[in-house]
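# Observations on chain architecture
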Amino acid sequence: MKLLRDLRHGRWLSDADEAIQRGELDGAAELIQAVLDADDDNADALHLLGRIHLFREEYDEADALYTRLREMDPTDEIAQENLRQAHIRRGFQARELGDLQEAELRFSAAIELDPTDAFVYYNLGCAYADQHEDHAADAFRMWEKAVALRPGYTDAHFDLAQVYFHNERYDDAFPHYEALVKARPDWPAPHYCMAVIRLKRGDTEGALRGLRDAIIINTGWARTAAADEHLAPLRGNPEFEELVDAEAIISTQDISRRVLTREDLLRDIEELGGSAAGGE
């Protein structure tokens, strides 16, 4: 009798799995519940129900269910990973709502389940950064952790470089721009910022070389260079004037006020596919 029941339940769960794949969640839930009514500790049924909760963004229910599965079997890696994903998604929701406490709680819970995931550290850092100066040090700490775990993590390198650059910590910013150039040689902003830093170090030749790289990739950087007070020492240099002449039609008054801005650094991202990085 038990064998027949198990076969029937196995068929129902197979049908439920196929229904989930087709997006027929209500029908799948009915089949799963029929199995759980007879065997409320059926791990296969609970896993399928957990998938439905995740699809429906029912994260409280998913949290409770996958926690239960891990209590039933502490070695259940699928339950652990799906619980982690539920925490990550809740962290994103909390960040969108501006709820730092909840975002920190959820991302930290995900980190406890996998302390090697640079993606989660980076996004926890972004949640801290949303609070501006109040949690700047925490944001830095998380982004640095992300880079340590994934040396090629361009999102984290970019954010660290920006903050260092705009706080005039140029030597700290430079290695992050180097990492960006290595990972994304087609992105002009890092070439440009490295040129600014080289100029501040007294390396005029290196600065001009970096500017040329940036402008070859995107000629719009010529306009920024012509107006950027960081590059004022290059004005009058024939090579510099040749680089910016084709694009720069800017009044003297504008030049006297202009400095490199965050918008300058970000403007190429959309052209390069909507993101500065190879994020997950």
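Residues numbered from 1 in each chain as written. Predicted model: local features only at pLDDT ≥ 70, side-chain atom pairs only at ≥ 80, totals over all residues. Heavy atoms only, no water.

### Observations regarding the overall build of the protein chain
Summing up its helical and strand segments, the protein chain has 16 helices and zero strands in all. Buried residues in the protein chain amount to 45% of all 280 residues. Of all intrachain contacts in the protein chain linking residues separated by at least 6 positions in sequence, the fraction that spans at least 24 positions is 54%. (Helix = DSSP H or I, 4+ residues; strand = E, 2+ residues; numbered from the N terminus. Buried < 20%, exposed > 50% of the residue type's maximum accessible area, 1.4 Å probe, protein only. Contact = heavy atoms within 4.5 Å.)

### Re the packing of helix H6 (residues 100–113) against helix H7 (residues 118–129)
Running from N to C, H6 and H7 cross one another at 165°; their axes reach a closest spacing of 10 Å. With respect to each other, H6 and H7 are oriented roughly antiparallel. Every pair of crossing elements has a handedness; the one defined by H6 and H7 is left-handed. Of the residues in H7, those in contact with Leu100, Ala103, Glu104, Phe107, Ser108, Ala110 and Ile111 of H6 are Val120, Tyr121, Asn123, Leu124, Ala127 and Tyr128. (Axes fitted to C-alpha atoms, helices over the stretch in contact; angles between N-to-C directions. Parallel < 35°, antiparallel > 145°, perpendicular 65-115°, else oblique. Left-handed = near helix turned anticlockwise from the far one by under 90°.)

### Observations concerning unusual backbone geometry
For Glu57, which is not glycine, the phi dihedral falls at a positive 60°. You can see Glu57 is positioned in the loop between helix H3 (43–55) and helix H4 (59–72). Phi is positive for Glu168, which is not a glycine, with a value near 60°. In this fold, Glu168 is placed in the loop between helix H9 (154–166) and helix H10 (170–183).

### Observations regarding the packing of aromatic side chains
Tallied over the entire structure, the rule returns 10 aromatic pairs. Considering the side-chain rings of Phe140 and Tyr164, the 4.9 Å spacing of their centres and the 90° angle between planes classify their relative orientation as edge-to-face. Here Tyr164 lies in helix H9 and Phe140 lies in helix H8 (residues 136–149), a separation of 24 residues in the sequence. Like Phe140, the residue Tyr164 is buried in the burial classification. A ring pair is formed by Phe165 and Tyr177, whose centres lie 6.2 Å apart and whose planes are at 80°; its orientation type is edge-to-face. Of this pair, Phe165 sits in helix H9 while Tyr177 sits in helix H10, and the two are 12 residues apart along the sequence. Taken individually, Phe165 and Tyr177 each receive the classification buried, so the pair is uniform in this respect. One aromatic cluster is present, formed by Tyr122, Phe140, Trp143, Tyr153 and Tyr164 through successive ring pairs. One cation-aromatic arrangement involves Arg150 over Tyr153; the distance from NZ or CZ to the ring centre is 3.9 Å. (Phe/Tyr/Trp six-rings, centres within 6.5 Å; stacked < 30°, edge-to-face > 60°. Lys NZ or Arg CZ within 6 Å of the ring centre and 35° of its normal.)

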